[in-house]
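What the coordinates show
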Amino acid sequence: MNVLLLLDRASDSIFDSPETAELFEELENKGYRLQRPDLEGSLVDMLEQRPEAAGAIIDWDTMGGELYASMGELNERLPFFALTSPGAAKELQPPDKDKLTLAFVPLPCRNAERTAAKIDRAVRRYFELLLPPFTRALFKFADAKKNTFCTTGHLLGSAFRHHAMGWAYYKFYGANAFRADTSVSVPDMGSLLEHTGVHKDAEELIARAFNADRSYIVTNGTSTANKIVGMYCVSQGDTVLIDRNCHKSMTHLLMMCDVVPIYLLPTRNAYGMIGGIPADEFTSEAIHYKLSQRDDATWPTYAVISDSTYDGLLYDCSWIKANLPVKKIHFDSAWSPYAPFNQIYENKFGMCGEATAGKTIFETQSAHKMLASFAQASYVHVKGEYDASVLDEVYMMHTTTSANYPIVASAETGAAMMTGNQGRRLLQNSIDRAMTFRRELARLHDECSTWFFKCWQPDDISETKCWPISRGERWHGFLGADEDFNYLDPIRVSVLTPGMDPTGQLMEEGIPAAVVSRYLNNHGVVTEKTGPYHMLFLFALGVDELRTKALLRALQDFKRDYDNDVPIREAMPDLFKLDPVFYMNMSLQQLTRGLHRVMRKRDLPKLMYHAYDDLPEMEYTPYQAFQKNLRGETHEVPLAELLGQVSADMILPYPPGVPLVMPGEKVTEKSAAVLDYLNMLCETGELFPGFDTEIHGAYRRKDGYYVKVLDEE
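Residues numbered from 1 in each chain as written. Predicted model: local features only at pLDDT ≥ 70, side-chain atom pairs only at ≥ 80, totals over all residues. Heavy atoms only, no water.

Regarding the sheet that holds strand 25 (residues 698-701)
- Pairing is antiparallel in the open sheet, where three strands are placed in the order 21-26-25. Pairing within the sheet leaves two strands with one partner each, and these edge strands are strand 21 (634-638) and strand 25. Shown here is a sheet whose adjacent strand axes are inclined to one another by a mean of 40 degrees, direction ignored. (Pairing = 2+ DSSP bridges. Helix = DSSP H or I, 4+ residues; strand = E, 2+ residues; numbered from the N terminus. Axes fitted to C-alpha atoms, helices over the stretch in contact; angles between N-to-C directions.)

What to know about the nonpolar core
- Ranked by size, the top nonpolar core spans 186 residues in total, and within it Ile305, Leu324, Phe437, Leu555, Phe558 and Leu591 carry the most contacts.
- Apart from the residues within four sequence positions on either side, Phe437 is in contact with Cys455, Val493, Val495, Phe539, Thr548, Leu551, Leu552 and Leu555. (Core = buried A, V, L, I, M, F, W, Y, C linked by side-chain atoms within 4.5 Å. Buried < 20%, exposed > 50% of the residue type's maximum accessible area, 1.4 Å probe, protein only. Contact = heavy atoms within 4.5 Å.)

A closer look at the environment of Ala367
- Relative to the assigned elements, Ala367 resides in helix 14 (residues 367-370).
- For Ala367, a relative accessible area of 0% corresponds to the buried category.
- Sequence-distant contacts of Ala367, that is, excluding residues within four places in its chain, are made with Pro337, Ala372, Ser373, Ala377, Ser378 and Tyr379.

As for unusual backbone geometry
- A cis amide bond links Thr151 with the next residue in sequence, Thr152, at an omega value of 10 degrees.
- Relative to the assigned elements, Thr152 resides in the loop between helix 6 (133-144) and helix 7 (164-173).
- Of note, the bond from Asp307 into Ser308 is cis; its omega dihedral lies within 30 degrees of zero at 10 degrees.
- Note on placement: Ser308 falls in the loop between strand 9 (302-306) and strand 10 (313-315).

Description of the pairing of strand 8 (residues 260-264)
- Taken across its five residues, strand 8 has five buried, putting it largely inside the fold.
- Neither face of strand 8 is left uncovered, since the one carrying Val260, Ile262 and Leu264 and the one carrying Pro261 and Tyr263 both have all their residues buried.
- Pairing of strand 7 (residues 239-243) with strand 8 involves five bridges; the strand directions are parallel. By the bridge assignment, Val240 is partnered in strand 8 with Pro261.
- Between strand 7 and its parallel partner strand 8, the chain crosses via helix 11 (residues 248-256), and the hand of that crossover is right-handed. (Right-handed = clockwise from strand over helix to strand, strands pointing away.)

Some thoughts on the side chain of Thr592
- Tracing the backbone shows Thr592 in helix 23 (residues 588-602).
- Excluding anything up to four places from it in sequence, Thr592 contacts Gly510, Ile511, Pro512, Val515 and Tyr562.

Notes on the sheet that holds strand 10
- As summarised here, the arrangement of the three strands in space is 10-16-15, forming an open sheet in which the pairing is antiparallel. Each edge of the open sheet carries a strand with a single partner, namely strand 10 and strand 15 (467-468).

Thoughts on the packing of helix 24 (residues 604-611) against helix 26 (residues 673-687)
- It is the contact of helix 24 with helix 26, at a shortest axis distance of 8 Å, that shows an interaxial angle of 135 degrees. When the interaxial angle is binned, helix 24 and helix 26 end up oblique. Like other packed secondary-structure pairs, helix 24 and helix 26 cross with a definite hand, here left-handed. Between helix 24 and helix 26, the residues in contact are Leu604, Leu607, Met608, His610 and Ala611 and Ala673, Val674, Asp676, Tyr677 and Met680, respectively.
- Across the contact of helix 24 with helix 26, the residue classes tally to eight nonpolar, one polar and one charged. (Parallel < 35°, antiparallel > 145°, perpendicular 65-115°, else oblique. Left-handed = near helix turned anticlockwise from the far one by under 90°. Nonpolar A, V, L, I, M, F, W, Y, C, P; charged D, E, K, R; others polar.)

Focus on a positive patch on the surface
- A surface patch of like charges, here positive, comprises Lys30, Arg114, Lys118 and Arg121.
- Relative to the assigned elements, Lys30 resides in the loop between helix 1 (18-29) and strand 2 (33-35). (Patch = residues over 30% accessible without salt bridge, like charges linked within 9 Å, V, L, I, M, F, W, Y side chains within 5 Å. Areas by Shrake-Rupley, 256 points an atom, 1.4 Å probe, with all protein chains shown as cover. Salt bridge = Lys/Arg side-chain N within 4 Å of Asp/Glu carboxyl O. Lys, Arg positive; Asp, Glu negative; His and termini not counted. Charge placed at Lys NZ, Arg CZ, Asp CG, Glu CD.)

Observations concerning helix 26
- Between the first and last C-alpha of helix 26 there are 21 Å, a value that for 15 residues agrees with the 21 Å anticipated at 1.5 Å per step.
- Restricting attention to buried positions, one finds in helix 26 the residues Ala673, Val674, Leu675, Tyr677, Leu678, Met680, Leu681, Cys682, Glu683, Thr684 and Gly685.
- Of the surrounding elements, those touching the buried residues of helix 26 are helix 23, helix 24, strand 22 (652-654), strand 24 (694-696) and strand 26 (704-710). (Expected span 1.5 Å × (residues − 1).)

Observations concerning a nonpolar patch on the surface
- A cluster of nonpolar side chains, contributed by Tyr169, Phe172 and Tyr173, occupies part of the molecular surface with about 400 Å² of accessible area.
- By the element assignment, Tyr173 lies in helix 7.

As for the pattern of salt bridges
- According to the stated counting rule, one finds 30 salt bridges in the structure shown.
- A salt bridge links Asp188 to Lys146, with the nearest nitrogen and oxygen atoms 3.1 Å apart. With a gap of 42 residues between them, Asp188 in the loop between helix 8 (175-179) and helix 9 (197-209) and Lys146 in the loop between helix 6 and helix 7 connect regions that are remote in the sequence.
- Look at the salt bridges and you will find they share partners, linking Asp45, Glu48, Glu73 and Arg425 into a network.

Concerning the packing of aromatic side chains
- Considering all chains together, one arrives at 38 aromatic pairs under this definition.
- With a centroid separation of 5.3 Å and an interplanar angle of 80 degrees, the aromatic rings of Trp451 and Phe453 are classed as edge-to-face.
- Aromatic side chains Phe558 and Tyr562 sit 6.1 Å apart centroid to centroid with 20 degrees between the ring planes, which places their arrangement in the stacked category. One end of the pair, Phe558, and the other, Tyr562, are both in helix 19 (residues 545-563), four residues apart, so they sit about a helical turn from each other.
- Phe558 gets classed as buried once you look at its relative accessible area, which sits at 0%. (Phe/Tyr/Trp six-rings, centres within 6.5 Å; stacked < 30°, edge-to-face > 60°.)

Below, the structure is given as structure tokens:
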């Protein structure tokens, strides 16, 4: 990063004058490369394409006004040097340093060497402050190339370089990946578990960024972050109020802790998308009723809400915090860590606003899902009163003593990137690209005389915002929605395939989304989630124009190949290879018709809706069921014989990735739709190779699927 940009908008450039020649020569002697980029667009757009720039030298007369007008969008730390007359350089006052780093340079220079030295110092200062504290210290350690005799055992990459296989591995990642892979044995870095040194500095930076009183870096994903919060918040015999469509890590918490769960029941639409929990579920009256259904339940000490849902629905979190009568409230925000950094998400994240009197608010987030962080980088945030010594101890229970320092650095960097103008602009760009994609797909759908894909969204998307799931509107398919309570996030884009309307009515012809998703994967586009007739695409921070165009082009290519009825062996070679005999003479249209016929026969929308509508009966708590499982008090039965049996495991089809049956629950005649739905998923996989559904808790044998159930007492 030794590039200095020369920026002006004059036809007769000051940079070509003799007055600047000596200064530029001195800068080049210091190792800087001076570049004059094309300035046809805006200053902000140009700088966004040149993040490697170490600074910018501008012609004040032609660029000063534009520089000041762009302050709110520029990297406020990047040093600008404005060339101007000696008189103007004395009179002009730079703006607040928190808004813009600017120094005036008089021309002609009295001493070019001294001026170049000042520019060099400013650039070096920029680099010193560019990286957040832990990451800066880690980079410094890696650059030092110390002779370590401590963990990690590869000794900063040395072991790999002495073995042919290791050398190939080393070359793939590069030297810095191994030099940065050190441990708590290095005193320079402090301790993640003890929250000292630059680890503490990183946590404090993250807390400020997310409006939290305290933040923890979690290096094993939000699955672990959720269990940290849960184990701090509950003790033996407590009752917990938990989102039934929670992540499976919360089910694991219930299996680990001797607590009684009562469930908040979210809505669901015909597409199989998970909706919000109705507002009346959060009232004292509703909680009292749930408690009355069990003899072993007391008033809940802890509540868990998924915000946002997998499909991108957010809550009015300020309302929940004010009205839910539980002292410890946990928002599992794994999918929306970006929410604090754009005004359209106001009041839609756990750490929003001030502390809530008499309550402690927790929020867990997966930095790696939507921010710029490595896989597994996650956070725990706290707002309100808490016992730091107990929470620290629970954190230690779930955190390795050998943390991966590059993951720690990426968690810190992911937060630090969002704290300034550049981070806010990065998020705004993602929102804008999602909106552009939505509008373009709507245009293509409306202009097509036969069929095309469309987005799950309101008819009017002229305004960029989180759209309310309003009662009476047909597009979203959620019956009895609460006004101004749930909102669709614009950067979580669900694309609908033909075959079903929002009410769940299956049409004569249809294109199941699993076929489209498989096709896209063959053509270099990977979906986040695939439902029966919808696919989810995440417009995260890394989405750019090229990726968006690639997605649009791939969807258009599918339509072309579908309309031309291209053979499977040409359209989807990887699917063909799974079973060449089965797919030898099959075309795209034949495949989609076959899958659609199965879904119509079994009335998939109705099955999905009712499978999550009537819960199985809780015979044992998840903890009690797991204890029986550990003692071996279980046996396997065919999935078809699950009716009347108590499941030993959670049974969870993906998608949507939320538990259908909890450990200790019995499937009865009332909840038999659960079994019908699971059987349909299995049947589809058996009829069409490559279209199996992953079902956690169901084990495939030669003669079909089996599940583990508890022995009868």
